[in-house]
Amino acid sequence: MVSPAFIAFEGVDGSGKSTQIELLRQRLRNDGCEPLVVREPGGTALGEEVRNILLHREEIALHVDTEALLFLASRVQLFEEKIRPTLAADEWVISDRFYLSTLVYQGWAAGRDVDALRRLISVVLGERRPRLFVVIDTPWEICQQRVGDSPDRFEGRQGFLEKVADGFRSCAALDGDTVIHIDGEGSADDVAVRVWEGVCSALS
Ligand code: TYD
């Protein structure tokens, strides 16, 4: 049995990560654990306000650096309000996205300096970081079909998802952090088996 840990799922919009989070939650429940599941941006009163601005208020101008800072602010608040107390109680935390998304979306895909962002994230987050990142690696064409006609501020940018997919394969996490890449093709149950095997071997 693996000890409780903080795991972040990452991937292109439509990669199937939310389904995999739900399947991992069920698996842990079957073992008698009830993980805290959070999403980024969001999960706190501040985070939900920030989420609304970032995702639903396209009329509000946001420089890409401002975007990165808003994501980071929401992340710090989420960690302090929700994640830290849960880890202190020795329980699982699963986050739908964490700082890899900022490196990939605001850095790699939107053209900001990835190393500069990495330094900024390292200073701001300090030790507030997951034990493990699970990147669901699904071909971006499949993701695109799933996202369909309702892209958000980020997904709507021309050629963006393709760059995001490339970024998740190319951007290194902060020094010392562990990332596993899971093949996202096939049925949700097949992917869930790969996720579980990957999690167990990375955490044991
Ligand atoms: P959401 O509806 O939660 O999408 P998903 O289910 O794909 O996670 O929207 C989150 C959007 O915000 C998504 O397009 C990715 C983007 N994002 C960033 O650009 N930077 C970040 O740091 C984070 C956490 C998300």
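Below: a short report on this structure.

The rules behind each value
Residues numbered from 1 in each chain as written. Predicted model: local features only at pLDDT ≥ 70, side-chain atom pairs only at ≥ 80, totals over all residues. Heavy atoms only, no water. Near = heavy atom within 4 Å. Polar contact = N/O pair within 3.5 Å; in protein donor to acceptor, adjacent residues only side chain to side chain. Areas by Shrake-Rupley, 256 points an atom, 1.4 Å probe, with all protein chains shown as cover. Helix = DSSP H or I, 4+ residues; strand = E, 2+ residues; numbered from the N terminus. Nonpolar A, V, L, I, M, F, W, Y, C, P; charged D, E, K, R; others polar. Pairing = 2+ DSSP bridges. Axes fitted to C-alpha atoms, helices over the stretch in contact; angles between N-to-C directions. Contact = heavy atoms within 4.5 Å. Phe/Tyr/Trp six-rings, centres within 6.5 Å; stacked < 30°, edge-to-face > 60°. Buried < 20%, exposed > 50% of the residue type's maximum accessible area, 1.4 Å probe, protein only. Lys NZ or Arg CZ within 6 Å of the ring centre and 35° of its normal. Expected span 1.5 Å × (residues − 1). Arc of directions from axis to C-beta. Disulfide = S-S within 2.5 Å. Salt bridge = Lys/Arg side-chain N within 4 Å of Asp/Glu carboxyl O.

Here we come to the site of the ligand. The environment of the ligand is formed by 16 residues, the closest being Asp-13, Lys-17, Arg-97, Thr-102 and Gln-106. Between the ligand and the protein, one listed contact pairs an oxygen atom with a side-chain N or O atom of Asp-13 at 2.6 Å. Take Arg-51: an N or O atom from its side chain is 3.0 Å from an oxygen atom of the ligand. Relative to its free-state accessible area of 550 Å², the ligand is covered by the protein chains to the extent of 88%. No other element matches the 4 residues that helix 4 (residues 99-109) contributes to the shell around the ligand. Tallied by class, the residues present in the shell around the ligand amount to 4 nonpolar, 3 polar and 9 charged.

The next thing to look at is the sheet that holds strand 3 (residues 93-96). The strand order across the open sheet built from 5 strands is 2-3-1-4-5, with neighbouring strands paired in parallel fashion. Each having just a single partner strand, strand 2 (36-39) and strand 5 (178-183) make up the two edges of the open sheet. Between one strand axis and the next, the sheet turns through 20 degrees on average, direction left out of account. Two strands pair when backbone bridges link them, and strand 1 (residues 6-11) and strand 4 (residues 132-137) are joined in this way by 5 bridges, in the parallel orientation. Residue pairing across strands places Phe-9 opposite Val-134, the latter belonging to strand 4. Contacts from helix 1 (residues 17-30) reach strand 1, strand 2, strand 3 and strand 4, with the element oriented near 170 degrees to strand 3.

All chains considered together, the criterion is met by 6 aromatic pairs. Pairing Phe-6 with Phe-98 gives two aromatic rings, centres 5.2 Å apart and planes at 85 degrees, and the pair type is edge-to-face. Of the two residues, Phe-6 is situated in strand 1 and Phe-98 in the loop between strand 3 and helix 4; the sequence distance between them amounts to 92 residues. On the basis of relative accessible area, Phe-6 is assigned to the buried category, the value being 2%. An aromatic cluster of at least three residues, connected via ring pairs, comprises Phe-6, Phe-79, Phe-98, Tyr-99 and Phe-133. In this structure, Arg-75 is placed above the aromatic ring of Phe-98, and the distance from its NZ or CZ to the ring centre is 5.4 Å.

Take helix 1 next. A rise of 1.5 Å per residue sets the reference length of helix 1, with its 14 residues, at 20 Å; its end C-alpha atoms lie 20 Å apart and thus fit the reference within 8%. Burial in helix 1 covers these residues: Lys-17, Gln-20, Ile-21, Leu-24, Arg-25 and Leu-28. Looking down the long axis of helix 1, one finds its buried residues gathered within 145 degrees of arc, a one-sided arrangement. Its buried side turned inward, helix 1 meets strand 1, strand 2, strand 3, strand 4 and helix 8 (188-203).

Applying the stated criterion to the full structure yields 0 disulfides. Cys-33 carries a free sulfur, and the closest cysteine sulfur to it, the one in Cys-200, is 12 Å from it. Judged by relative accessible area, Cys-33 falls into the buried class, the value being 18%.

This paragraph deals with the pattern of salt bridges. Applying the stated criterion across every chain, the model contains 14 salt bridges. Between Arg-25 and Glu-22 there is a salt bridge whose closest N-O contact spans 3.2 Å. Of the two residues, Arg-25 and Glu-22 both sit in helix 1, 3 residues apart, roughly one turn of that helix. The class of Glu-22 is partly exposed, set by a relative accessible area of 31%. Measuring nitrogen to oxygen at the nearest pair gives 2.8 Å for the salt bridge that ties Arg-84 to Glu-80. Of this pair, Arg-84 and Glu-80 both sit in helix 3 (residues 64-88), 4 residues apart, roughly one helical turn. Among the charged side chains, a salt-bridge network with shared partners connects Glu-80, Arg-84 and Arg-128.

Scope: geometric values only; no functional claims are made or implied.
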